[in-house]
Amino acid sequence: MAATKFLLLLVVLVFSLSSKSSVGTEKVSLDLYYESLCPYSARFFVNYLDDLFSNGLIDIVDLRLIPYGNARVGSNNTISCQHGPYECLLNTVEACVIDVWPNVGEHFPFINCIETLVADHKYLDWQSCFVKAFSGFQRVADCYNSGYGKKLELQYAAETNALQPPHTYVPWVVVDGQPLYKDYENVGAYVCKAYKGSLPPACNSAAVLTSASLLSTVNHQKKHVTDAGEEAAIAIPTEPEGHWKFVT
């Protein structure tokens, strides 16, 4: 009888320890500073960030999206975006979506849908993403039309401008507080390297980071990269109306 109780206690103890080791492990923070109409940002969504959801790495990641990028705040808190007024509209819409649906599993599909359209040069069809991702989208429209979306963008502006080291291009990818610079395409490998718990199967296929590749990211710290060479790939329409109206 005593032996049986001892075995049961041992099983409970082992289970408790294993649960704490997996559940108690902190997720890897992954912050993406980007702008909605930047072709490089769009490609990062489509070719790399989306993979985190398909391969399961999202389970060990605390992903934050910050849609502001290279915009500028002027007098009277006016915001000017690198790719024009339509980018400001989409940045604000994406900020509202994040606010209305704070769970990354809910807001990512919509934002990823928009960025896929940007990559395909079809971003004027962005409202179709609501059909694919959400119902009840009036809450997002209310956020935008009420001016609350702009308040969110000003908060993102303050956060982006406070980055240390300062961001010099987008996408600007930060893993556990460390910018990846131009090595952001290896984001999966950096996530696996930073995670302290039992690695998921996807990490077995991630590229192994060598000290040389880590040093190469530091060498890019003072290099400035823009998407000036691809500006012609995005046709900016006339300035959108002050209020956003849904197409129903």
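Definitions and limits used
Residues numbered from 1 in each chain as written. Predicted model: local features only at pLDDT ≥ 70, side-chain atom pairs only at ≥ 80, totals over all residues. Heavy atoms only, no water. UniProt positions renumbered as here; feature names shortened; annotations may be inferred. Disulfide = S-S within 2.5 Å. Helix = DSSP H or I, 4+ residues; strand = E, 2+ residues; numbered from the N terminus. Buried < 20%, exposed > 50% of the residue type's maximum accessible area, 1.4 Å probe, protein only. Contact = heavy atoms within 4.5 Å. Salt bridge = Lys/Arg side-chain N within 4 Å of Asp/Glu carboxyl O. Pairing = 2+ DSSP bridges. Axes fitted to C-alpha atoms, helices over the stretch in contact; angles between N-to-C directions. Right-handed = clockwise from strand over helix to strand, strands pointing away.

With an unreviewed UniProt entry as reference, the chain is termed Gamma-interferon-inducible lysosomal thiol reductase, source organism Amborella trichopoda. Taken directly from UniProt, the Sequence similarities (unreviewed entry) text for the chain runs: "Belongs to the GILT family." The annotation that UniProt attaches to the chain under Subcellular location (unreviewed entry) is "Secreted".

Is there a simple way to explain the state of the cysteines in this structure?
Going through the model one piece at a time under the given rule, you end up with four disulfides. One disulfide bridge connects Cys 96 with Cys 143, the sulfur atoms lying 2.1 Å from each other. Judged by the torsion about the S-S bond (-75 degrees), the Cys 96/Cys 143 disulfide is left-handed. On the criterion of sequence distance, the pair formed by Cys 96 in helix α3 (residues 85–100) and Cys 143 in helix α6 (residues 138–145) is long-range, its members being 47 residues apart. Here Cys 96 falls in the buried class, since its relative accessible area comes to 0%. The buried category is assigned to Cys 143, whose relative accessible area is 6%. Disulfide partners in the chain, listed by the sequence order of the bonded cysteines, are 1-2, 3-6, 4-5, 7-8.

I tried to follow unusual backbone geometry on my own but got confused; where do I start?
Among all residues except glycine, the phi angle is most often negative; among peptide bonds, the trans geometry is most common. Here the residue pair Gln 164 and Pro 165 is connected by a cis peptide bond, since its omega of -5 degrees sits within 30 degrees of zero. Position of Pro 165 among the secondary structure elements: in the loop between α7 (148–161) and β5 (172–175). Here Val 170 and Pro 171 are connected by a cis peptide whose omega angle stands at 0 degrees. Summarising the element assignment, Pro 171 is placed in the loop between α7 and β5. In this structure, His 121 is a non-glycine residue whose phi angle is positive, near 60 degrees. Of note, the phi angle at Tyr 181 is positive, near 55 degrees, even though the residue is not glycine. Here Tyr 181 shows up in the loop between β6 (178–179) and α8 (187–194). Since its relative accessible area comes to 8%, Tyr 181 is described here as buried.

I'm lost on the environment of Leu 163 in this one. Help?
Its location among the elements puts Leu 163 in the loop between α7 and β5. A residue is classified by how much of its surface remains accessible, and Leu 163, at 12% relative accessible area, is buried. Every residue in contact with Leu 163, bar those within four places of it in the chain, is listed here: Tyr 33 and Trp 172.

Please clarify how the pattern of salt bridges should be interpreted in this entry.
Taken as a whole and assessed by the stated rule, the structure comprises two salt bridges. Here Arg 64 and Asp 31 are joined by a salt bridge, their closest N and O atoms 3.8 Å apart. On the criterion of sequence distance, the pair formed by Arg 64 in strand β2 (residues 61–67) and Asp 31 in strand β1 (residues 28–34) is long-range, its members being 33 residues apart. Of the residues examined, Arg 64 reaches a relative accessible area of 32% and is grouped as partly exposed. Taken together, the shared-partner salt bridges in this structure form one network comprising Asp 31, Arg 64 and Glu 159.

So what exactly am I meant to see when it comes to the sheet that holds β5 here?
One key point about sheets: their strands pair by backbone hydrogen bonds, in either a parallel or an antiparallel sense. If you trace the four strands from one edge of the open sheet to the other, you get β2-β1-β5-β6, paired in mixed fashion. The open sheet has two edge strands, β2 and β6, and neither has a second partner. As paired strands, β1 and β5 are joined by four bridges and run antiparallel to one another. Across the sheet, residue Asp 31 finds its bridge partner in β5, namely Val 174. Against the sheet, α3 makes contact with β1 and β2, and its axis sits at roughly 145 degrees relative to β2, the strand it touches most. Contacts from helix α4 (residues 104–119) reach β1 and β2 within the one sheet, and its direction differs from that of β2 by about 45 degrees.

Explain the pairing of β2 to me, please; I cannot follow it from the model alone.
Sheet faces and side chains relate simply in a regular strand, where the side chains alternate between the two faces. Most of β2 is tucked away, with five of its seven residues classed as buried. In this fold, β1 hands off to helix α2 (residues 39–54), which returns the chain to β2; that crossover is right-handed.

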